[in-house]
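Breakdown of the fold
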Amino acid sequence: MSYLMPTYVRQPISFVRGQGSYLYTADGTAYLDALTGIAVCGLGHCHPTISRAMKEQTDTLIHTSNLYGIDWQEKAGEILCQKAGMDKVFFANSGAEANECALKLARLYAHNQGKSRPKVIVMEHAFHGRTLLTVTATANPKARSGFFTLDDDFIRVPFNDISAVEALTDDKDICAVFVEPIQGEGGLHTPSDDYLEKLQNICHDNDWLFMLDEVQTGNGRTGKYFAYQYSNVKPDVLTTAKGLGNGFPVGACMVSGKAKDLFGAGSHGSTFGGTPFGCRAVCAVYDELTDEVMTNAVRESDFIRQSMREHFPQIDVLGRGMMIGFGLPDDVDCTHIVDMARDEFHLILNVTGGNVIRLLPALNISHDDTVILTDRLIGLLKKTLGRVEYWYLP
Ligand SMILES: Cc1ncc(COP(=O)(O)O)c(C=O)c1O
């Protein structure tokens, strides 16, 4: 029996070692990891220079608390804000915490505007985390069920639907819009090219904060440091986590413009946020997250996408950069795909939104490993779809 609360349906496998794009079980069997711990180990498992920096830091200084100056936090803050195009950062320990910080900023902003019942616009299919405020902002009813969520504090509209947001501009309680540039849970949804810009314009016109959740899309995942950098926008609040520590849990909430000076001493805090150890990891990650790595991510992602289009012309190829989805037809039974991929093809991936195969490979995957990944994926899909002849070109 296990002492762990049964909050996860776990697969019947565990890994004892990871290196680059591979995970290994205790008997030494290698699995090609196309999920990287759900978009966390973006530079591959146990990246040598990141691990070296972290080892050095464990022997030097791990934690002091935010009661004192923390040089590595200052340095990580400077690097991150410069890459993200933001002014200031608060370091947290997870995506949910970074988002909780963003939502608190929105409420403080509303308070300063004299609003008494602030509401934040969020999207259908959104995923923002599991704290009470962030799970309320999350769309998935299963995640929210039974928790007396704070539903009056949010208004949910369809993703990628500007008119649904425009229709709310008379509501004087609204203080912010909170949105993922590409939604990665509950399917993989990419909005139209001008969506973020139009959203931002509505926010500006109505004095709302324009807040982006880049917990998953940030840190090079889509081929730019942050996915919003594909658009002509600048968020007031920007959150990230996942790839930020390449496996070490660290999140960040960044501000600029209208949100820049909302927090003062005592407004927010965290015992563990921004430790010397965590921030050393952030610095080491950003040392390695070079333009070449992001170019590699786009090139290898294009290779995977193109190969799949050629073999399975009817499948929807979704997402951007190394956030890759393959939308299978509704009538395909996807229940066993993850198990089949793992057990028969030694390939780690997952399925989201019922019928989207999701890949989140390492940004620095080698071309040889991309070819192996693609071959295994083709084999997997032929086996899954092969019985329906027209779904693939043999
Ligand atoms: C877009 C987005 N926001 C927030 C979160 C929550 O992050 P965490 O699990 O680190 O709390 C996730 C996690 O999947 C996410 O994808």
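About the thresholds
- Per chain, the residues get numbers from 1 upward, laid out in the order the sequence is written.
- Only residues with pLDDT of 70 or above have their local features reported here, since the model is predicted, and side-chain atom pairs are shown and tallied only from 80 upward, although totals for entire chains, interfaces and linings are computed over all residues.
- Neither water nor hydrogens contribute to the side-chain values; these are computed over all heavy atoms in the structure.
- Helix and strand definitions follow DSSP, with helices as H or I runs of at least four residues and strands as E runs of at least two, each counted in order from the N terminus.
- Throughout, radius of gyration means the C-alpha value; the globule benchmark is 2.2 Å times the number of residues raised to the power 0.38.
- Each residue is placed in one exposure class: buried if its accessible area under a 1.4 Å probe, protein chains only, is under 20% of its type's maximum, exposed if it is over 50%, and partly exposed if it falls in between.
- Should any heavy atoms of two residues lie within 4.5 Å, those residues are counted as being in contact.
- The method behind every accessible area is Shrake-Rupley, applied with a 1.4 Å probe, and residues are considered shielded solely by the protein chains displayed.
- In this count, Lys and Arg are taken as positive residues and Asp and Glu as negative ones, while His and the chain termini are left out.
- Throughout, a charge is located at the NZ atom of Lys, the CZ atom of Arg, the CG atom of Asp or the CD atom of Glu.
- In this document the domain limits rely on a domain assignment from an automatic tool or a database.
- Salt bridge, as used here, is a side-chain nitrogen of Lys or Arg placed within 4 Å of a carboxyl oxygen of Asp or Glu.
- Any pair of N or O atoms that falls within 3.5 Å is considered a polar contact. Within protein, one atom must be able to donate a hydrogen and the other to accept it, and sequence-neighbouring residues count only if both atoms are side-chain atoms.
- Think of a 1 Å grid over just the protein atoms. A cavity is a set of points where a 1.4 Å probe fits yet cannot get out, a pocket is an open set with protein on both sides within 12 Å along at least five of seven lines, and lining residues have an atom within 4 Å of a point.
- Grid points are joined across faces, edges and corners, and a volume is the space filled by probe spheres set on the points.
- Charged residues are taken to be Asp, Glu, Lys and Arg, nonpolar residues to be Ala, Val, Leu, Ile, Met, Phe, Trp, Tyr, Cys and Pro, and polar residues to be all remaining types, Gly included.
- UniProt positions are given in the numbering used here, feature names are shortened, and annotations may be inferred rather than shown by experiment.
- Strand pairing follows a simple DSSP-based rule, namely that at least 2 bridges must link the two strands.
- Each axis is a line fitted through C-alpha atoms, taken for helices only over the stretch in contact, and angles between the N-to-C directions span 0 to 180 degrees.
- Left-handed is the label given to a crossing in which the near helix is rotated counterclockwise from the far helix by less than a right angle, and right-handed is the label when the rotation is clockwise.
- Here a residue is considered near a molecule or strand provided that any single heavy atom belonging to it is located within 4 Å of it.

**Some details on the overall build of the chain**
Counting its regular elements, the chain contains 12 helices and 15 strands. Taken over C-alpha atoms, the radius of gyration comes to 21 Å for the chain, in line with the 21 Å a tight globule of 394 residues would show. Referenced to the eigenvectors of the C-alpha coordinate spread, the extents of the chain come out at roughly 65 × 55 × 45 Å. Out of the 394 residues belonging to the chain, those deemed buried represent 53%. Sequence-distant contacts, at least 24 apart, represent 72% of the contacts inside the chain between residues at least 6 apart. Accessible surface, the chain: about 17900 Å² in total, of which carbon and sulfur atoms supply 51%. If the 35 positive side-chain charges of the chain are averaged to one point and the 48 negative ones to another, these points end up 3 Å apart.

**Observations concerning the domain arrangement of the chain**
When the domains of the chain are assigned, the result is domain 1 (17-33 + 290-391) and domain 2 (48-288). Distance between the C-alpha centres of domain 1 and domain 2: 28 Å. Residue-level contacts link 20 residues of domain 1 with 20 residues of domain 2. For the pair domain 1 and domain 2, the interface holds one salt bridge. Among the ionic pairs, Glu185 bridges to Arg358, the shortest N-O distance being 3.0 Å. Inspection of the domain 1/domain 2 interface yields nine residue pairs in polar contact (both at pLDDT 80 or more).

**Overview of the side chain of Thr134**
Within the secondary structure, Thr134 is located in helix 5 (residues 132-137). Side-chain polar atoms of Thr134 contact the side chain of Thr131, separated by 2.7 Å. In this structure, Thr134 is in contact with Ala96, Asn99, Glu100, Leu103, His128 and Gly129, ignoring residues within four places of it in sequence.

**With respect to empty space enclosed by the protein**
Per the stated rule, a full pass over the model turns up one cavity of 30 Å³ or more. Approximately 60 Å³ is the volume attributed to the largest cavity. What lines the largest cavity is a set of 13 residues, and nearest its centre among them are Val40, Gly42, Asn219, Gly243 and Leu363. A breakdown of the residues in the lining of the largest cavity according to their chemical character gives six nonpolar, six polar and one charged.

**Here we look at the pattern of salt bridges**
Applying the stated criterion across every chain, the model contains 13 salt bridges. Two residues, Asp194 and Lys198, come together in a salt bridge whose shortest N-O distance is 3.0 Å. For Asp194, a relative accessible area of 34% corresponds to the partly exposed category. Put simply, Glu300 and Arg299 hold a salt bridge, and the shortest N to O gap is 3.5 Å.

**Describing the UniProt feature "modified residue: N6-(pyridoxal phosphate)lysine" (unreviewed entry) in the chain**
UniProt's entry tags Lys242 with the feature "modified residue: N6-(pyridoxal phosphate)lysine" (unreviewed entry), counted in the numbering of this structure. Relative to the assigned elements, Lys242 resides in the loop between strand 9 (237-240) and strand 10 (251-255). Not counting residues within four places of it along the chain, the set of residues in contact with Lys242 comprises Ile38, Ala39, Val40, Val215, Gln216 and Val250. One polar contact links the side chain of Lys242 to the main-chain carbonyl oxygen of Ile38, over a distance of 3.1 Å.

**Concerning the sheet that holds strand 14 (residues 350-352)**
Taken together, the four strands give an open sheet; going across it, the order is 11-12-15-14, and neighbouring strands pair in antiparallel fashion. Every other strand in the sheet has two partners, leaving strand 11 (316-320) and strand 14 as the edge strands with one partner each. In this sheet, neighbouring strand axes are inclined to one another by 30° on average, regardless of whether the strands run parallel or antiparallel. In the sheet, strand 12 (residues 323-327) pairs with strand 15 (residues 356-359) via four bridges, with the strands oriented antiparallel.

**Thoughts on the packing of helix 3 (residues 71-84) against helix 9 (residues 276-288)**
The contact between helix 3 and helix 9 brings their axes to 8 Å, and the two run at 40°. Regarding helix 3 and helix 9, the two cross each other, and that crossing is left-handed. For the pair helix 3 and helix 9, the contacting residues are Trp72, Gln73, Lys75, Ala76, Ile79, Leu80 and Lys83 in the first and Pro276, Cys279, Arg280, Val282, Cys283 and Tyr286 in the second. Across the contact of helix 3 with helix 9, the residue classes break down as nine nonpolar, one polar and three charged.

**Here's the deal with unusual backbone geometry**
One can expect most non-glycine residues to show negative phi and most peptide bonds to be in trans. If you check the backbone angles, Ala39 has positive phi at about 70° while not being a glycine. Within the secondary structure, Ala39 is located in helix 1 (residues 36-39).

**Here we look at the site of the ligand**
Taken together, the neighbourhood of the ligand is formed by 13 residues, with Gly95, Ala96, Asp213, Gln216 and Lys242 sitting nearest. The separation between an oxygen atom of the ligand and a polar side-chain atom of Lys242 is 3.0 Å. Protein chains shield 80% of the accessible area of the ligand, which is 390 Å² for the free molecule. If one sorts the elements of the shell around the ligand by residue count, helix 4 (residues 95-112) sits on top with three residues. Looking at the shell around the ligand residue by residue, the class counts come to three nonpolar, six polar and four charged.

**Considering the UniProt feature "binding site: N(2)-acetyl-L-ornithine" (unreviewed entry) in the chain**
As annotated by UniProt and renumbered to match this structure, "binding site: N(2)-acetyl-L-ornithine" (unreviewed entry) occupies Arg130 and Ser270. The annotated residues that sit in the lining of the second largest pocket are Ser270. Here Arg130 lies in the loop between strand 5 (119-123) and helix 5. When its relative accessible area of 59% is taken as the criterion, Arg130 is described as exposed. For Arg130, the contacting residues outside a window of four places in its chain are Ala96, Val135 and Ala143. Counting through the fold element by element, Ser270 comes out in the loop between strand 10 and helix 9. Look past the residues within four positions of Ser270 in its chain and what remains in contact with it is Asn66, Phe90, Asn93 and Glu97.

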